[in-house]
Amino acid sequence: MEDIEDMFAGGAGGAPPGFRLPLNAVGVNPKRNTSKRSISKQKDEVTDSNRDSLAPPSMKIPGTQTIYIKTFGCSHNQASSANRHDSEYMAGQLTAFGYGLTEVPEEADLWLINTCTVKSPSQSAMSTLITRGRSGKKPLVIAGCVPQGSRDLKELEGVSVVGVQQIDRVVEIVEETLKGHEVRLLNRKTLPALDLPKVRKNNFIEILPINVGCLGACTYCKTKHARGHLGSYTVESLVERVRTVISEGVKEIWLSSEDTGAYGSRDIGVNLPILLNAIVKELPSDQSTMLRIGMTNPPFILEHLKEIAAVLRHPCVYTFLHVPVQSGSDAVLTAMNREYTSGEFRTVVDTLTELVPGMQIATDIICGFPGETDEDFSQTVGLIKDYKFAQVHISQFYPRPGTPAAKMKKVQSKIVKQRSRELTCVFEAFAPYTGMEGKEERIWITEIATDGVHLVGHTKGYIQVLVSGPESMLGTSAIARITSVGRWSVFGEVIETLASTNVVTQVREETKPACTSDVSTCETCACSAESCCGEGKSGEACNVSGDITRQDHKTGEKSMTKEEEKQEVVSHWGLVDKALVCGVFASVLNVPKQGRYVVIRRPVQVTNYMNLLSSFFMIEANKTFVEPRATKAMFERMKAEKEEGRGGGERTSEQDLRKKLEKLSKLNTYSSWLNILTLMSLTWHFVYLATSSRLRLDDNISSLKVVEAL
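Each chain has its residues counted from 1, running along the sequence as written. Local features in this predicted model are restricted to residues whose pLDDT is 70 or higher, and side-chain atom pairs enter the listing and the counts only when it is 80 or higher, whereas totals over whole chains, interfaces and linings include all residues. Where side-chain values are given, they derive from all heavy atoms of the structure, hydrogens and water being excluded.

Undergrad: How would you sum up the overall build of the chain? Please name residues and give values.
TA: When helices and strands are counted, the chain shows 19 helices and 24 strands. Residues count as neighbours in contact if any of their non-hydrogen atoms are within 4.5 Å of one another. Contacts in the chain between residues at least 24 apart in sequence constitute 72% of all its contacts with a sequence separation of at least 6. On the chain, roughly 35,600 Å² of surface is accessible, and the fraction owed to carbon and sulfur atoms is 55%. Under the DSSP-based scheme used, a helix requires at least four consecutive residues in state H or I and a strand at least two consecutive residues in state E, with every element numbered from the N terminus. Methods summary: accessible areas were calculated by the Shrake-Rupley approach with a probe of 1.4 Å, and residue burial reflects only the protein chains presented.

What follows is the structure, encoded as structure tokens:
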């Protein structure tokens, strides 16, 4: 089936963001639909043909089925973070629409497989899972780099596929696949929005893509075929996303990219240092949220080494960087078309190590690239020995179909394996963490270790520290004493848990005044007319970090001077209020006069003026009393649900939560009725004005006619 384009019936152009396309707007290929039954029969009848179909329609209510999501990626975290980010966005959209998620494949009504094309083993595992799904008669949707870069792959026949830049339409594809249709969306379009619904695998870690694609043309890489040329998000959109995730309680932000160093330099006229400096300004000063810079290739970071070093020295940025070298031989790097030399890589490492205290650098090596000689390999081993990197990701060369390297003369498989084992032995002989025993380090705890016993924290150099403690410590920062060191991580004991000193995240908008930074006066997480430092701003929230220590205070309000109260009252006067005042004034001028006295000739005029004044008072009552209390009730509900889900401290009882929901419902009802009554009053007022003006105009015309007749 050929790729399909987004289209509307009767018009061109794609769907606007958040718009759910109708059925005829998605190109579908019905499976085994040989009978000519009516639409009603298709909905109501289940025949043997349906049951034997490869992707049978689910018998559950549409939009409530359960989805199993499997994400493939290569061995190291950074390269797989792009796929993990895509899976989190797709999961978020599906749950927002009503679908459920499960980690048990057999329980799912549909399998969504997010693939990776970096290495052959990942693609082989994908093929195995597809075969398993077909044998279990599971509807399948394949996403990621494999269908985007190899759309004619035999394994993709008869299944739905979604491209890397079409993940914002995953709900449509899942819906149609569950109906028994085959859907293919692979054409590239604009970058997916950053504010799509999202389900994080780790609630404390936000994977933030800063661009897609890259500027390189490596001869062995298949990712460029799937992700395409460089496309960068704007600095403003990324900064806004950072503000949002910090307010949601995220403690680590990972910048994700195929090549972080190439950000903006060839497409939107900015560069990586500009972005990083803008982001670090938004990070809390108490270091409660940390930034991790993603993988970058040497060519582009060479242009900004000193600026990058300055950012890495920032207290809220991990002094860690992943810089792949792939080979220590210039001849091999040329064959790979890497666009740098081993000497330039050494310049990057030496400069960052000199300018950034405690700098940790990870790198990648490909063993057995076509044409690699024993001398080339010895240069690679020498490079690794010179720097004794704590993290080296070693892989054997895998020819990827459609790449130039796949056509080059290969090194014998036996030699490739031997070189890989030799380099691994050299690397594993290093002891990078020797000397850390007894030291005290600040760590940021965000994960549970695979053993299910320890918690995982990271030092500022992103060294993994395993500590013992309750799960309530997740999302916190602590001082840990290193008790022992291993080859891949170190062990420690927590001696002090650090409480955040900046629990209020101020909303930085030019149109809204920020809340006070005086934490001692903030007791709740809702800024309303009666809380958050007594500022009286309805609807603005002071976001409190999830697991930090809260201080209890008897008084949560701050007195204001008379001058401040006057300014506060004036700030409530919006456009509607000013329009009403003008309406009252115009109505007074519209009153007929006789001599020096106002003449009210009809009772309806009294009704009209009272109606206008009542509209004014209803708007003020709604804004001053109802809306602030509704907002406060909403935030109390959010706070209660957050504490209930976290499981820490006192839990809100179900009865109390039900009372809060009933209170919120009543307040919303009152607000809605006030708005309806206000609208009716205003409508009556303006209809009366128009009618009275027309009548006076008619009277004037009649008077003129009488004068002319005389």
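Still to come is the rest of the account.
Undergrad: Can you tell me about the sheet that holds strand E15 (residues 391–396), naming the residues and giving the values?
TA: Two orientations exist for strands paired in a sheet by backbone hydrogen bonds: parallel and antiparallel. Following DSSP output, two strands are said to pair if at least two bridges run between them. Strand order in the open sheet formed by 3 strands is E13-E14-E15, with parallel pairing between adjacent strands. Edge strands, defined here as strands with exactly one partner in the open sheet, are strand E13 (320–322) and E15. Within the sheet, the average angular offset between the axes of one strand and its neighbour, ignoring direction, is 15 degrees. Sheet topology places E13 next to strand E14 (residues 360–367); 3 bridges connect them, and they run parallel. Of the residues in E14, the one forming a bridge with Phe320 is Gln360. Structural elements are reduced to axes, namely lines fitted to C-alpha atoms, with helices fitted over the stretch in contact, and the angle between N-to-C directions of any two is expressed from 0 to 180 degrees.

Undergrad: Give me the pairing of E14: which residues, what numbers.
TA: The classification of residues rests on relative accessible area computed with a 1.4 Å probe and restricted to protein chains. Under 20% of the type maximum is buried, over 50% is exposed, and intermediate values are partly exposed. Where burial is concerned, most of E14 is hidden: 7 out of the 8 residues are buried. When the strands point away from the viewer, a crossover counts as right-handed if the route from the first strand across the helix to the second turns clockwise. You can see the chain leave E14, run along helix H14 (residues 374–387) and come back into E15, and the turn it takes is right-handed.

Undergrad: Outline unusual backbone geometry, listing residues and values.
TA: You will see that Asn337, though not glycine, has its phi angle at about 60 degrees, which is positive. With respect to the helices and strands, the residue Asn337 is situated in the loop between helix H12 (330–336) and helix H13 (342–355). We note that Lys388 has phi near 50 degrees; this positive angle belongs to a residue other than glycine. Position of Lys388 relative to the elements: it lies in the loop between H14 and E15.

Undergrad: I'd like a rundown of H13, residues and numbers included.
TA: Structural remark: α-helix, 3.6 residues per turn; residues separated by three or four positions point the same way. An expected span of 1.5 Å times one less than the residue number is assigned to each helix. Between its first and last C-alpha, H13 extends 20 Å over 14 residues, near the 20 Å set by a 1.5 Å rise per residue. Those residues of H13 that sit buried are Ser342, Phe345, Val348, Val349, Thr351 and Leu352. As for H13, its buried residues are in contact with helix H10 (298–301), helix H11 (305–312), E13, H12, E14 and H14.

Undergrad: Before we move on, could you go through the side chain of Arg338 and cite the residues and values that matter?
TA: With respect to the helices and strands, Arg338 occurs in the loop between H12 and H13. A polar contact is formed between the side chain of Arg338 and the backbone oxygen of Pro324, at a distance of 3.5 Å. For Arg338, the residues in contact, after removing those within four places along its chain, are Cys218, Tyr220, Asn297, Pro299, Pro324, Gln326 and Leu333. Polar contacts here mean pairs of N or O atoms no more than 3.5 Å apart (in protein, one a potential hydrogen donor and the other a potential acceptor; neighbouring residues in sequence count only if both atoms are side-chain atoms).

Undergrad: Please give an account of the pattern of salt bridges that cites residues and values.
TA: Note on definitions: salt bridges are taken to be side-chain nitrogens of Lys or Arg within 4 Å of carboxyl oxygens of Asp or Glu. Scanning the model with the defined rule gives 17 salt bridges in all. Among the ionic pairs, Lys198 bridges to Glu206, the shortest N-O distance being 3.1 Å. A relative accessible area of 0% places Glu206 in the buried class. Between Arg243 and Glu282 there is a salt bridge, with the nearest N and O atoms lying 3.2 Å from each other.

Undergrad: Give me the lowdown on the sheet that holds strand E17 (residues 455–458), citing residues and values where you can.
TA: Here 5 strands make up a closed barrel; going around it, the order is E16-E17-E18-E20-E19 and the pairing mixed. The mean inter-strand angle of the sheet, taken between neighbouring strand axes irrespective of direction, is 55 degrees. As paired elements, strand E16 (residues 440–448) and strand E19 (residues 476–485) share 6 bridges and run antiparallel to each other. Its bridge partner lying in E19, Arg442 is registered against Ile479.

Undergrad: Explain helix H8 (residues 235–247) to me, using residue names and the numbers behind them.
TA: A rise of 1.5 Å per residue sets the reference length of H8, with its 13 residues, at 18 Å; its end C-alpha atoms lie 19 Å apart and thus fit the reference within 8%. Inspection of H8 places Val235, Leu238, Val239, Arg241, Val242, Val245 and Ile246 among the buried residues, and these make up the whole buried set. The buried side chains of H8 occupy one side of the element, clustering within an arc of 160 degrees when seen end-on. Backbone geometry just after H8 places Gly249 at a positive phi near 95 degrees. The arc in question is the one traced by the directions running from the helix axis out to the C-beta atoms.

Undergrad: Account for the environment of Ala499, naming residues and giving values.
TA: Within the secondary structure, Ala499 sits in the loop between strand E20 (490–498) and strand E21 (526–527). Judged by relative accessible area, which is 42%, Ala499 ranks as partly exposed.

Undergrad: Go over the state of the cysteines with me, naming the residues and quoting the values.
TA: Here a disulfide denotes one covalent bond, and it connects the sulfur atoms of two cysteines. Disulfides are defined in this document as cysteine sulfur pairs within 2.5 Å. Enumeration over the complete set of coordinates arrives at 0 disulfides. Of the cysteine sulfurs around Cys214, a residue in no disulfide, the closest is that of Cys221, at 6.2 Å.

Undergrad: So what about the packing of aromatic side chains? Which residues, and what values?
TA: Stacked, tilted and edge-to-face are the three classes assigned to paired rings of Phe, Tyr and Trp, where Trp is represented by its six-membered ring and a pair needs centres within 6.5 Å; plane angles under 30 degrees give stacked, over 60 edge-to-face, the rest tilted. Applying the stated criterion across every chain, the model contains 11 aromatic pairs. Judged by centre distance (5.4 Å) and plane angle (35 degrees), the ring pair of Phe320 and Tyr462 falls under tilted. Taken as a pair, Phe320 in strand E13 and Tyr462 in the loop between E17 and strand E18 (464–467) lie far apart in primary sequence, 142 residues in all. Per residue, the accessibility class of Phe320 equals that of Tyr462, and both read buried. Three or more aromatic residues link up through ring pairs in this structure, and these residues are Tyr318, Phe320, Trp444 and Tyr462. Whether a charge sits over a ring depends on NZ of Lys or CZ of Arg being within 6 Å of the ring centre and within 35 degrees of the ring normal. Over the ring of Phe427 we find Arg487; its NZ or CZ atom is 4.4 Å from the centre of that ring.

Undergrad: Explain the nonpolar core to me, using residue names and the numbers behind them.
TA: One recurring pattern in soluble globular proteins: nonpolar side chains tend to sit buried together. Residues grouped as a nonpolar core are buried Ala, Val, Leu, Ile, Met, Phe, Trp, Tyr and Cys residues, joined through side-chain atoms within 4.5 Å. Within the largest apolar cluster, 92 residues are counted, with the highest numbers of intra-cluster contacts made by Leu112, Ile253, Leu291 and Leu352. Membership of the second largest hydrophobic core comes to 17 residues, among which are Met126, Ile142, Val146 and Val159.

Undergrad: Got a sec to walk through the side chain of Thr102? Specific residues and values, please.
TA: Inspection of the secondary structure puts Thr102 in strand E3 (residues 100–102). For Thr102, the residues in contact, after removing those within four places along its chain, are Thr66, Ile67, Tyr68, Ile69, Glu107 and Ala108.

Undergrad: I'd like to hear about the packing of H11 against H13, residue by residue, with values.
TA: Packing of H11 against H13 leaves a shortest axis separation of 10 Å and a crossing angle of 40 degrees. Compared by their axis directions, H11 and H13 come out oblique. Between H11 and H13 the crossing geometry is right-handed. For the pair H11 and H13, the contacting residues are Leu305, Lys306, Ala309 and Leu312 in the first and Thr347, Val348, Thr351, Leu352 and Leu355 in the second. Under this grouping Gly is polar, as are all residues other than the nonpolar Ala, Val, Leu, Ile, Met, Phe, Trp, Tyr, Cys and Pro and the charged Asp, Glu, Lys and Arg. For the contact of H11 with H13, a count of residues per class yields 6 nonpolar, 2 polar and 1 charged. An angle counts as roughly parallel when it lies under 35 degrees, as roughly antiparallel when it exceeds 145, as roughly perpendicular when it falls between 65 and 115, and as oblique in every other case. Note on convention: the crossing is left-handed when the near helix lies turned anticlockwise from the far helix by less than a right angle, right-handed when the turn is clockwise.

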